[in-house]
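An overview of the molecular structure
Below, each chain spelled out in residue letters.
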Amino acid sequence: MKRTFFSGGLYRDALRQLKAFGIVFGVISAAISVAIVIIAYYSSIDPVSGQINFARIPPPSAALVAPVLLGIVFAGTLMLIFRAFSFLTSRAASDLWHSLPGTRVSTAVSLVAAALTWLYGIITVTLLLTWATYAITGLPFNALYVPYLLLGYSAAATLVAGAALVGVSVTGTAFSAFIVMGLTLYLPRFVLLIYAHIVPVVAPVVYMSDMGLLGNPAFHLPSALTFALFDRLFGMGLINTGMSELFVFKGGIAYTAALGAITLLLGVLLYRVRRSEIAGNSAPNRPMQHIFRCALTLPILLIGAGMGLARELNPSAKIVILVLSMTVYFCYELITTRKARSLLAAAPLYPAVVAATAALALIAAGVGDRLLHAIPSPGDVKSVCINVNAGYSDTPNYNELMTERIRYEDPVIAELLVDGLRKTVEHIKSDYR
């Protein structure tokens, strides 16, 4: 049989299968986005004159242009991928699909392509209708946001779809697939986020914005948007970048798109080697069950480690963190296996999760300590720049543009700054610690 990587017939069948979800999501997304503009228009009418002073109405920020797409990117993508691969949770249906002619790769690629077609279509139509509504009403609108939002939302949806595909490919139940999807999407970046928070705790002279790609959460759009939303709702201080700035951060869009393509490829490869008998089981084998359970528990302990190094935990809070992590650890095992005796086999591995957490925290603290002592000599400083933009914005204001490119090469300035850095470090060592 000729090996193919895409099936047009299966793709069209999947489009029809997902049509109800796609239409519902599209109508909701477009209707809410257009309604927001119309409400803003009528709310801006002066009740006395009946006129609108358009000059006094600021254009919406990027985050407020079709905000409902955030829900589509996360919940909509999850539901479309899970619907397309719903046969993987039933042994009979899974056996039937695995017996159909065509390659595993062709099946996975065709089904994912159908889901992404609906997602990209919903994002595009929603943004274009929103733009058109602004144009018709005459309300101020920055049209340059549209391509950024189109690319940003599409890149984020691609990465979420890849994580969902990984989830359904390595598990056989909807619950475990959802958990693995969340771990794939958030755990690596969350570990790096804790690392990026621990390093400045140990070395306050270092900022998260100085830590490059790995330490900058703004590069990972799904995580960054989630962290920014939590910051806005609860003031948790997880990220220094606002939601609007994330949508115009070209580095984040490009990185998310590339990571999304890699994650999709990983999901396809995992689907290719998937065994049909996994259907109905939470993991393909016992070692993977251990990995899923430990990975789910790790973030809770990492939060405790980060807060502990920042001296924000009292002894009772540490006990709460440990009890919560053990609760999640054993509840996941019980829910997914539905066997009480499996808790006995899972118990010995919990200390390993604690040890891994401690190792990660110590590595981050060691990096911070090394950076704290990395004081250059005045002769090593070639020039000095003043960057007043502490975030990762691609839309700096005029003052930032005028100052960040100026290089001061006076050795007196370099000597003063190095001396100030040395005194700051000494203060940190003697007072902060």
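Report on the accompanying structure.

Unfilled space is identified by rolling a water-sized probe across the atoms. The full count for this structure, using the stated rule, is one cavity of 30 Å³ or more. A volume near 30 Å³ is recorded for the largest cavity. Residue lining of the largest cavity: Ser-33, Ile-36, Val-37, Leu-64, Val-65, Ala-66, Pro-67, Thr-130 and Tyr-134, and that is the complete set. Put simply, the parts of the chain that give the lining of the largest cavity at least two residues each are helix 2 (19–43) and helix 5 (104–137). Here the element with the most residues in the lining of the largest cavity is helix 2; it accounts for three residues.

Turning our eyes to something else, we now look at the nonpolar core. Grouped together as the largest cluster of nonpolar side chains are 67 residues, with contacts concentrated most on Phe-85, Leu-149, Tyr-153 and Phe-247. Counting residues per element, this core draws most heavily on helix 6 (residues 145–170), which supplies 13 residues. Once residues within four sequence positions are removed from consideration, Phe-247 is found in contact with Ala-62, Ala-63, Leu-70, Tyr-148, Leu-149, Tyr-153, Leu-225 and Ile-253. Counting 39 residues, the second-largest nonpolar core is a separate cluster that includes Val-202, Val-206, Leu-301 and Ala-365.

Let us look at the packing of helix 3 (residues 69–84) against helix 7 (residues 174–202). Two elements in contact, helix 3 and helix 7, have axes separated by 12 Å at closest approach and are oriented at 130°. If you check the angle between helix 3 and helix 7, you find them oblique. Our pair here, helix 3 against helix 7, has a crossing hand that is right-handed. Here Phe-74, Leu-78 and Phe-82 of helix 3 lie close against helix 7, whose contacting residues are Ala-174, Ala-177, Phe-178, Met-181, Leu-185 and Tyr-186. For the contact of helix 3 with helix 7, the class distribution of residues is nine nonpolar, no polar and no charged.

Time to look at the layout of surface pockets. Of the pockets and cavities examined, the second largest pocket occupies roughly 220 Å³. If you go around the second largest pocket, the residues you meet are Leu-301, Gly-304, Ala-305, Gly-308, Leu-309, Leu-313, Lys-318, Ile-321, Leu-322, Val-354, Thr-357 and Ala-361. Mapped onto the lining of the second largest pocket, the elements with two or more residues apiece are helix 12 (286–309), helix 13 (315–337) and helix 15 (350–372). With five residues, the top contributor of residues to the lining of the second largest pocket is helix 12. When its residues are assigned to classes, the lining of the second largest pocket shows eight nonpolar, three polar and one charged.

Our next topic: the side chain of Thr-256. Relative to the assigned elements, Thr-256 resides in helix 11 (residues 250–272). Looking at Thr-256, the relative accessible area reads 0%, which means it is buried.

Our focus in this paragraph is helix 6. Relative to the 38 Å expected for 26 residues at 1.5 Å per residue, helix 6 spans 38 Å between its end C-alpha atoms, a close match to the ideal helical length. Judged by how many residues are buried, helix 6 sits mostly within the fold: 22 of 26 residues are covered.

Within the structure shown, the criterion is met by four salt bridges. Here Arg-422 makes a salt bridge to Asp-419, at a shortest N to O gap of 4.0 Å. Here Arg-422 pairs with Asp-419, and both are found in helix 17 (residues 411–432), just three residues apart, close to one helical turn. Since its relative accessible area comes to 31%, Asp-419 is described here as partly exposed. Through salt bridges with shared partners, a single network forms among Asp-419, Arg-422 and Lys-423.

Here we come to the packing of aromatic side chains. Taken as a whole and assessed by the stated rule, the structure comprises 12 aromatic pairs. Considering the side-chain rings of Phe-21 and Phe-25, the 6.1 Å spacing of their centres and the 55° angle between planes classify their relative orientation as tilted. Here the residue Phe-21 and the residue Phe-25 both occupy positions in helix 2, the gap between them amounting to four residues, near one helical turn. Assessed through its relative accessible area of 27%, Phe-21 is described here as partly exposed. The class for Phe-25 is buried, based on a relative accessible area of 12%. Between the aromatic rings of Tyr-41 and Tyr-42, the centroid separation amounts to 5.2 Å while the plane-to-plane angle is 85°, which identifies the pairing as edge-to-face. Following the ring pairs from residue to residue traces out a cluster consisting of Phe-85, Phe-87 and Tyr-271.

Once that is clear, we can look at unusual backbone geometry. A positive phi angle, close to 50°, is found at Ala-66, a residue other than glycine. Along the chain, Ala-66 turns up in the loop between helix 2 and helix 3. With a relative accessible area of 3%, Ala-66 lands in the buried category. In this structure, Arg-338 takes a positive phi of about 55° despite not being glycine.

The rules behind the values
Residues numbered from 1 in each chain as written. Predicted model: local features only at pLDDT ≥ 70, side-chain atom pairs only at ≥ 80, totals over all residues. Heavy atoms only, no water. 1 Å grid on protein atoms, 1.4 Å probe; cavity = no way out; pocket = protein on both sides within 12 Å on 5 of 7 lines; lining within 4 Å. Points joined across faces, edges and corners; volume = space filled by probe spheres on them. Helix = DSSP H or I, 4+ residues; strand = E, 2+ residues; numbered from the N terminus. Core = buried A, V, L, I, M, F, W, Y, C linked by side-chain atoms within 4.5 Å. Buried < 20%, exposed > 50% of the residue type's maximum accessible area, 1.4 Å probe, protein only. Contact = heavy atoms within 4.5 Å. Axes fitted to C-alpha atoms, helices over the stretch in contact; angles between N-to-C directions. Parallel < 35°, antiparallel > 145°, perpendicular 65-115°, else oblique. Left-handed = near helix turned anticlockwise from the far one by under 90°. Nonpolar A, V, L, I, M, F, W, Y, C, P; charged D, E, K, R; others polar. Expected span 1.5 Å × (residues − 1). Salt bridge = Lys/Arg side-chain N within 4 Å of Asp/Glu carboxyl O. Phe/Tyr/Trp six-rings, centres within 6.5 Å; stacked < 30°, edge-to-face > 60°.

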